[in-house]
Amino acid sequence: MTEGTKATLLRNHGANELLNAPYLAQVPQSDLDFATDHPVTGLEPAVIESTIEAMESGQTHYVDVPGILPLREAVTAHLEGEGVDGYPASSIVVTASLQEARFLALQVITEALPEVALPEVVHPGVKAALGIRPPGLHYLTVERESGMLPPIDAIEQALERGVKLVYLESPARLTGAAFEPSSVERLAGLLESHDAYAIWDQGLSPFVSGRPYLSLGALAGMQERVTLIGEAFPGVGLEGLAIGTIATSERWAKPITSLKQIMSICTATASQYAALKAGEHFDTELGELLASLQVVRQESVEQLTAAGVHVHPGQVASLIALTISQELASSLRERGYRFADGADFGHPGVQRLSVTPGSDVVEMILSQLSEARS
Amino acid sequence: MTQEKQKKRGTEVLYSLIAEARGYDDAVVLGRGDPDFDTPAHIVAAAKRAFENHANDYSPPEGILPIREAIAERVQRINGVEVDPNTDIVFTNGGQEALFLMVVAAIGEGDGLLVPEPNYNTYKDAVTFSRGVSVGMPTYPAESFRVDPERVRATLTPDTKALLLVSPNNPAASVISRDDQLALIALAEEHDLLILADDIYDLLIYDDFTHTSPASLPGGKERTLTLNALSKAYAMTGWRTGWVMGPADLMVRVKALKAAVSGPASIVSQHAALAALTGPQEPMEEMREAYIRRRGIVLDYLDQMGFSYGNPQGGQFVFVDIGHTGMSSLELSQKILSRAHVLAYPGGAFSEDMDHFLRITFLQPEDQLRDGLARMKQAMDAISEENAP
Ligand SMILES: Cc1ncc(COP(=O)(O)O)c(C=O)c1O
């Protein structure tokens, strides 16, 4: 007897490990949920007011597929403020979440370049996005000492083997580790010499502290080769509104826009107007949050290290990645605490927690630790 | 023609016409499927409350439980389909994402989706994305674009995995009768096909026609994924609010796809949709009545212009036969646009075989609609004079 249509479909679905990669939320489920990669704050009343004004004046219709022009211009201006030039508004696509940005960029570019190199430790959403029409995958080894970043040598080897597309996170979603400027420069040279392309998730870059951040898109000539993705203005309360961005080259902007049209026509206007307003004062607002995150993170890292907990190297103030025992992790879970599990990224044993001012999570870890030891 | 070229003909042609229409200050757009009505005020008010109270609420990829419960109540009441809000519903970024997820869920490389022609372009685009094959099944104006189960049977190929049923159909505005739905389900059972049903226009039905969801009929539910959205009936195109529903086993796959494609929809859009479904229905009813009046106006003008058309049984548009003009639909559409500044969509953009049709929507206020149609009539009169022997 032949297997039925539905049974075959479901069997294939069950076997698709990439597509079934765990889902990680951008918004916490409770006060004890520290599984996001940055804390979620309240929206400024001015953002709400301005958005509702837009809705009341009739901005409730379809808008241009790549997003409303003022928002695309604001994204361009924000990138320029970060030293990333050469991504005009016509190269920006506003998406219905960071995940949609991942999906669009990966699906469109792998259609043309069907082999992709990606770190073996990476956000599970990347694998899920590749689970539909999977291209050839080349996993890059990562280095513990750098915070699980792939060494540039490993990327070079993949390029030498003929891979033309590299997917990278900087800062890394598990540890917050960002590539050193010198590594970014070397990488740019490699892309150039191998005629290769990159998708660069720099969503967490606004949280980098204590060290300059260099985007691969900031280097000369890279605008042709590098597609930047991320949340639109993270950390100012937009997370629940599901809004992301893509900044790309002329080559990819058109097919990405076409696929966006097929997938969702356009991004919700309320989310876009909220992002537009939130973007106006982004630097000041995030600056305030960042200052408090830095203090809390530093204190936490000192306390944890003093207690013998291994904290993985990382440069963002919004998260801490640490290694604790399975028993300790489970006992914290039993108490209702939620962390992102490194196993979901491809590195079991690591737990990631968002730095959240005012929470007692680090004290809790320390007290559980000392209880277990005594 | 290859699928790639067809895609160009379709979506790209429509977008370039929209761009041209934008260049005219006095343009009347009888093309795009976007209601002229703004979203009803009570829905915007609910969005404001959601911004204030729920902006940081967690949502799973399939949407918060209250919106899934409201959808379950709605489809039970309106479509007669019983679904479990815990397992059978995924809230989406509009009907479009629902469509994309449904097609990607059902159609893999080399699989066939049987698509009655003419149809909304995105179906073919989504099948192309899935590396599947869309198999067109022609319908005919003389039969009011009926999806004839016997013709469907004749079109099946060994690779056909699913059957698309859009009722009322865009752009043909035809409704699939209950008897035909039953016969189509029997055919699906016989050939072990899934059914993809698009109910997006289920509240916009005219005269004595009635809407039937295949999932409400015996044998239908376990093999049907159904999409719906609030975009059209509630004038909510900008909020991106829709859903897929289906049997729990298939919905496991739709849910995983939703997480992979985009994750949860905006929490504010979810609350706006909740207000639309659970709040006062009068604004929606008023819009519906306006569409009924406008449909009458459009049909009057078309009669005056001597056009024939399939009687629009539902939806927000009329599919008009322009065969007697001897022009291609794009040619005529462009002529009407440049002379009368009125945009009607060329049928050729929906299907190769529909190049002798125009789609005219009634999504403009009555005065503009009359103005646009009067201008179109003038242009048509002039065109026929020029073409007269
Ligand atoms: C038949 C059909 N399905 C789905 C859609 C998608 O609509 P939306 O994504 O705006 O809900 C449309 C829009 O025109 C349509 O006509």
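Residues numbered from 1 in each chain as written. Chains lettered and ligands numbered in written order. Predicted model: local features only at pLDDT ≥ 70, side-chain atom pairs only at ≥ 80, totals over all residues. Heavy atoms only, no water.

Engineer: Can you tell me about the overall build of chain A, naming the residues and giving the values?
Structural biologist: Looking only at helices and strands, chain A features 13 helices and eleven strands. For chain A, whose C-alpha radius of gyration is 21 Å, the value lies close to the compact-globule estimate of 21 Å for 374 residues. Oriented by its inertia axes, the alpha-carbon framework of chain A measures out at about 60 × 55 × 55 Å. Within chain A, buried positions represent 62% of all 374 residues. Contacts in chain A between residues at least 24 apart in sequence constitute 74% of all its contacts with a sequence separation of at least 6. (Helix = DSSP H or I, 4+ residues; strand = E, 2+ residues; numbered from the N terminus. Rg over C-alpha atoms; globule rule 2.2 N^0.38 Å. Buried < 20%, exposed > 50% of the residue type's maximum accessible area, 1.4 Å probe, protein only. Contact = heavy atoms within 4.5 Å.)

Engineer: Tell me about the packing of helix H10 (residues 282-306) of chain A against helix H13 (residues 361-373) of chain A, and name the residues and values.
Structural biologist: All names here are of chain A. Between H10 and H13, whose axes approach to 10 Å, the crossing angle comes to 5°. Judged by the inter-axis angle, H10 sits roughly parallel to H13. Contacts from Ser300, Gln303 and Leu304 in H10 reach Val362, Glu363, Ile365 and Leu366 in H13. (Axes fitted to C-alpha atoms, helices over the stretch in contact; angles between N-to-C directions. Parallel < 35°, antiparallel > 145°, perpendicular 65-115°, else oblique.)

Engineer: I'd like a rundown of the interface of chain A and chain B, residues and numbers included.
Structural biologist: Across the contact, 56 residues belong to chain A and 65 residues belong to chain B. The contact between chain A and chain B buries some 5,000 Å² in all, and 63% of this surface belongs to carbon and sulfur atoms. On inspection of chain A and its partner chain B, the count reaches three salt bridges. A salt bridge links aspartate 64 of chain A to arginine 22 of chain B; the shortest N-O distance between them is 3.1 Å. Our count for the contact surface shared by chain A and chain B stands at 25 residue pairs in polar contact (both at pLDDT 80 or more). Broken down by secondary-structure element, the contributors of at least two residues to the side of chain A that touches chain B are helix H1 (5-15), helix H2 (45-56), helix H4 (98-112), helix H5 (124-130), helix H8 (250-264) and helix H9 (269-280) of chain A. (Buried area = accessible area lost by both parts, 1.4 Å probe. Salt bridge = Lys/Arg side-chain N within 4 Å of Asp/Glu carboxyl O. Polar contact = N/O pair within 3.5 Å; in protein donor to acceptor, adjacent residues only side chain to side chain.)

Engineer: An account of the environment of glutamate 82 of chain A is requested, with residue identities and associated values reported.
Structural biologist: All names here are of chain A. With respect to the secondary-structure elements, glutamate 82 resides in the loop between helix H3 (69-81) and strand S1 (92-95). According to the relative accessible area criterion, glutamate 82 is partly exposed, its value standing at 39%. On a C-alpha basis, the gap between glutamate 82 and phenylalanine 207 in space is 12 Å, while along the polypeptide they are 125 residues apart.

Engineer: Can you break down the nonpolar core residue by residue, with the values?
Structural biologist: Trp200, Leu216 and Leu238 of chain A together with Tyr234 of chain B are the most contacted members of the largest nonpolar core, which has 127 residues in total. In this structure, Leu98 of chain A together with Val127, Leu196 and Met251 of chain B belong to the second largest nonpolar core, which totals 102 residues. (Core = buried A, V, L, I, M, F, W, Y, C linked by side-chain atoms within 4.5 Å.)

Engineer: Can you tell me about the sheet that holds strand S10 (residues 340-341) of chain A, naming the residues and giving the values?
Structural biologist: Residues and elements named next belong to chain A. Pairing is antiparallel across the open sheet formed by four strands, whose spatial order is S8-S9-S11-S10. Looking along the sheet, the strands with just one partner apiece sit at the ends: strand S8 (310-311) and S10. Summarising the sheet, S10 and strand S11 (residues 350-354) pair through two bridges and their orientation is antiparallel. Across the sheet, aspartate 341 pairs through a bridge with glutamine 351, a residue of S11. Packing of H10 onto the sheet brings it into contact with S8 and strand S9 (319-323), and relative to S9 it is tilted by some 10°. (Pairing = 2+ DSSP bridges.)

Engineer: Let's hear about the packing of H8 of chain A against helix H4 (residues 94-106) of chain B: which residues, and what values?
Structural biologist: How two helices sit against one another is set out by the angle between their axes and by the gap between those axes. Where H8 of chain A contacts H4 of chain B, the axes come no closer than 5 Å and their chain directions differ by 95°. Viewed along their axes, H8 of chain A and H4 of chain B adopt a mutual orientation that is roughly perpendicular. Residues Leu259, Gln261, Ile262, Met263 and Ser264 of chain A of H8 of chain A touch H4 of chain B, and the partners they reach there are Gln96, Glu97 and Phe100 of chain B. Class assignment of the residues belonging to the contact of H8 of chain A with H4 of chain B gives a composition of four nonpolar, three polar and one charged. (Nonpolar A, V, L, I, M, F, W, Y, C, P; charged D, E, K, R; others polar.)

Engineer: How would you explain the sheet that holds strand S10 (residues 317-321) of chain B if you had to name every residue and give the values?
Structural biologist: All names here are of chain B. Overall, mixed pairing links the five strands, which are arranged S1-S11-S12-S10-S9 in an open sheet. Either end of the sheet is taken by a strand with one partner, and the two such strands are strand S1 (28-30) and strand S9 (308-309). The pairing of S9 with S10 spans two bridges and is antiparallel. Bridging across to S10, serine 308 finds its partner in aspartate 321. Here helix H10 (residues 282-304) sits on the sheet and contacts S9, S10 and strand S12 (357-361); the angle it forms with S10, its principal contact strand, is near 10°.

Engineer: Which residues make up the site of the ligand, and what values go with them?
Structural biologist: Among the 15 residues in the neighbourhood of the ligand, the closest are listed as Tyr62 of chain A together with Asn170, Asp198, Ser231 and Arg240 of chain B. Residues close to the ligand are split across chains A and B. Within the side chain of aspartate 198 of chain B, an N or O atom sits 2.6 Å from a nitrogen atom of the ligand. One of the side-chain N or O atoms of lysine 232 of chain B is found 2.7 Å from an oxygen atom in the ligand. The protein chains hide 97% of the 400 Å² of surface that the ligand would expose on its own. Here the ligand is seated within the largest cavity. Here the element with the most residues in the shell around the ligand is H4 of chain B; it accounts for three residues. Class assignment of the residues belonging to the shell around the ligand gives a composition of seven nonpolar, five polar and three charged. (Near = heavy atom within 4 Å. Areas by Shrake-Rupley, 256 points an atom, 1.4 Å probe, with all protein chains shown as cover. 1 Å grid on protein atoms, 1.4 Å probe; cavity = no way out; pocket = protein on both sides within 12 Å on 5 of 7 lines; lining within 4 Å. Sits in = over half its atoms within 2 Å of the grid points.)

Engineer: I'd like a description of empty space enclosed by the protein, backed by residues and values.
Structural biologist: Under the definition given, this model contains seven cavities of 30 Å³ or more. In terms of lining residues, the largest cavity is bounded by 29 residues, among which Tyr62 and Ile265 of chain A together with Tyr120, Asn170 and Lys232 of chain B are the most central. Mapped onto the lining of the largest cavity, the elements with two or more residues apiece are helix H1 (3-22), H4 and helix H5 (122-129) of chain B. Of the residues contributing to the lining of the largest cavity, the split by class is 14 nonpolar, ten polar and five charged. Its volume calculated, the second largest cavity comes out at about 220 Å³. (Points joined across faces, edges and corners; volume = space filled by probe spheres on them.)

Engineer: So what's going on with the domain arrangement of chain B? Which residues, and what values?
Structural biologist: Residues and elements named next belong to chain B. You can read the domains of chain B as domain 1 (3-30 + 283-382) and domain 2 (56-278). When each unit is reduced to the centre of its C-alpha atoms, the spacing between domain 1 and domain 2 is 26 Å. Opposite the 28 residues of domain 1 that make contact, domain 2 presents 34 residues. Our count for the domain 1 to domain 2 interface comes out at one salt bridge. (Domains from an automatic or database assignment.)

Engineer: So, the environment of leucine 290 of chain A: which residues are in play, and what are the values?
Structural biologist: Residues and elements named next belong to chain A. Here leucine 290 is to be found in helix H10. Sequence-wise, leucine 290 and serine 209 are 81 residues apart; in three dimensions their C-alpha atoms are separated by 8.1 Å. In contact with leucine 290, other than residues within four places in its own chain, are Pro206, Phe207, Val208 and Ala317.

Engineer: Can you break down the packing of aromatic side chains residue by residue, with the values?
Structural biologist: Evaluation of the coordinates by the stated rule reveals 16 aromatic pairs over all chains. Pairing tyrosine 345 of chain B with phenylalanine 350 of chain B gives two aromatic rings, centres 6.4 Å apart and planes at 45°, and the pair type is tilted. A single burial state applies to tyrosine 345 of chain B and to phenylalanine 350 of chain B, both of which are buried. What links up through ring pairs into an aromatic cluster is the set Phe145, Phe319, Tyr345, Phe350 and Phe357 of chain B. Over the face of the ring belonging to phenylalanine 129 of chain B we find arginine 133 of chain A, whose NZ or CZ atom lies 3.9 Å from the ring centre. (Phe/Tyr/Trp six-rings, centres within 6.5 Å; stacked < 30°, edge-to-face > 60°. Lys NZ or Arg CZ within 6 Å of the ring centre and 35° of its normal.)

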